[in-house]
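Single-letter residue listing:
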Amino acid sequence: NTNTSLKKLNIYKGENNQTPTLWQSINHNGGILSLIDANVNVHSKNYTYYFTTEGPCNLIFDTSQKAKTILLNVLMASPGDQSLNWNTYNDFIKGTSEQQILLSNTPNFNNSSPWNILLNASNSLTTHQDYTNFSVQQDRICYCIRAIENNPFNPYNRKDSSYSNIECVTADPIVFFPDAIQINGYNTTFYPKGIFIDYDKSSLEIFNRWGQSIFKTNDVKTGW
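This one's a predicted model, so the numbers in the text were calculated from it and none came from an experiment.

Draft legend 1. Representation of the sheet that holds strand S7 (residues 81-86) in the model. What the three strands build is an open sheet, ordered S6-S7-S10; its pairing is antiparallel. The sheet terminates laterally at strand S6 (72-78) and strand S10 (127-130), the two strands that pair on one side only. Across this sheet, the average inter-strand angle for adjacent strands is 15°, counted without regard to direction. Two strands pair when backbone bridges link them, and S6 and S7 are joined in this way by six bridges, in the antiparallel orientation. Within S7, the position partnered with Val74 by the bridge is Leu84.

Structure representation (structure tokens):
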């Protein structure tokens, strides 16, 4: 509220389940404030934040609720068998109405990213076993958890979402080589075949029996 005698904000931060401590104080007289905390590792820790508003003579006007980030972990037992676990987000003012498990083939996320809703879940779910298989053209599957606030009611006329970290699993390449080639006959070209091969990051080099390089290419589909 910009009509108060607000002097500054004290912002507190805690890692995992540790008690939050003072992170920074900002001189501010009210209105909207947005901060980005770049000193985090969202793939291994969750973080808790809250702030206090301070007026003259160090008087604390108010204290916000504590908001804790969602930490998602994904373990792939084998391609097509992925275990997900996460902590729930329970810090909306109006509470959490539901959670969504989102599925994509890219770790790059923005509000217009083409995420598929894999599952609409209750606000208490913390684990899920996913059996989404990799396709021949797709060697990576990415997951994200989205918590959705309850339907709006006065005086809060907005419905927020909170996203977890994005976790991806990658299928190991399965590579096959021909057993033999016959010059001027069948199998005249030697090159690897298989699935989940990243051809943009692959190269092929052929050595003779004396260890001399006789062929090298970054286009393994062309072969030797």
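Draft legend 2. Region of interest: the pattern of salt bridges. Scanning the model with the defined rule gives four salt bridges in all. Here Asp37 makes a salt bridge to Lys13, at a shortest N to O gap of 2.8 Å. Pair noted here: Asp37 is in the loop between strand S2 (21-27) and strand S3 (47-54) and Lys13 is in strand S1 (residues 8-15), with a separation of 24 residues, a long-range link. In this structure Asp37 comes out as buried when scored by relative accessible area, which is 17%. In this structure, Glu149 and Lys94 form a salt bridge, with 3.8 Å as the shortest nitrogen-oxygen distance. Here Glu149 is found in strand S11 (residues 140-149), whereas its partner Lys94 is found in the loop between S7 and strand S8 (96-104), with 55 residues between them in sequence.

Draft legend 3. Structural view of the nonpolar core. Within the largest apolar cluster, 17 residues are counted, with the highest numbers of intra-cluster contacts made by Leu72, Leu84, Trp86 and Tyr143. Counting only elements with at least two residues in this core, the list comes to S6, S7, S8 and S11. Broken down by element, the residue count for this core peaks at four residues, all from S11. Residues within four places of Leu84 in sequence aside, it is in contact with Leu72, Asn73, Val74, Ile101, Thr126, Thr127, His128, Asp130 and Tyr143. In this structure, Trp115, Cys142, Cys144 and Ile166 belong to the second largest nonpolar core, which totals five residues.

Draft legend 4. Summary view of the packing of aromatic side chains. Scanning the entire structure with this criterion turns up four aromatic pairs. Between the NZ or CZ atom of Arg209 and the centre of the ring of Trp210, over which it lies, the distance is 5.6 Å.

Draft legend 5. Quick look at the state of the cysteines. Evaluated as defined, the whole model comprises one disulfide. In this model, Cys142 is linked to Cys168 through a disulfide, with the two sulfur atoms separated by 2.0 Å. Where Cys142 bonds to Cys168 through sulfur, the torsion about that S-S bond is close to 105°, and the disulfide is right-handed. One end of the pair, Cys142, is in strand S11; the other, Cys168, is in strand S13 (residues 167-170), and 26 residues separate them in sequence. Look at Cys142 and you get buried, because its relative accessible area is 0%.

Rules used in this analysis
- Residues numbered from 1 in each chain as written.
- Predicted model: local features only at pLDDT ≥ 70, side-chain atom pairs only at ≥ 80, totals over all residues.
- Heavy atoms only, no water.
- Pairing = 2+ DSSP bridges.
- Helix = DSSP H or I, 4+ residues; strand = E, 2+ residues; numbered from the N terminus.
- Axes fitted to C-alpha atoms, helices over the stretch in contact; angles between N-to-C directions.
- Salt bridge = Lys/Arg side-chain N within 4 Å of Asp/Glu carboxyl O.
- Buried < 20%, exposed > 50% of the residue type's maximum accessible area, 1.4 Å probe, protein only.
- Core = buried A, V, L, I, M, F, W, Y, C linked by side-chain atoms within 4.5 Å.
- Contact = heavy atoms within 4.5 Å.
- Phe/Tyr/Trp six-rings, centres within 6.5 Å; stacked < 30°, edge-to-face > 60°.
- Lys NZ or Arg CZ within 6 Å of the ring centre and 35° of its normal.
- Disulfide = S-S within 2.5 Å.

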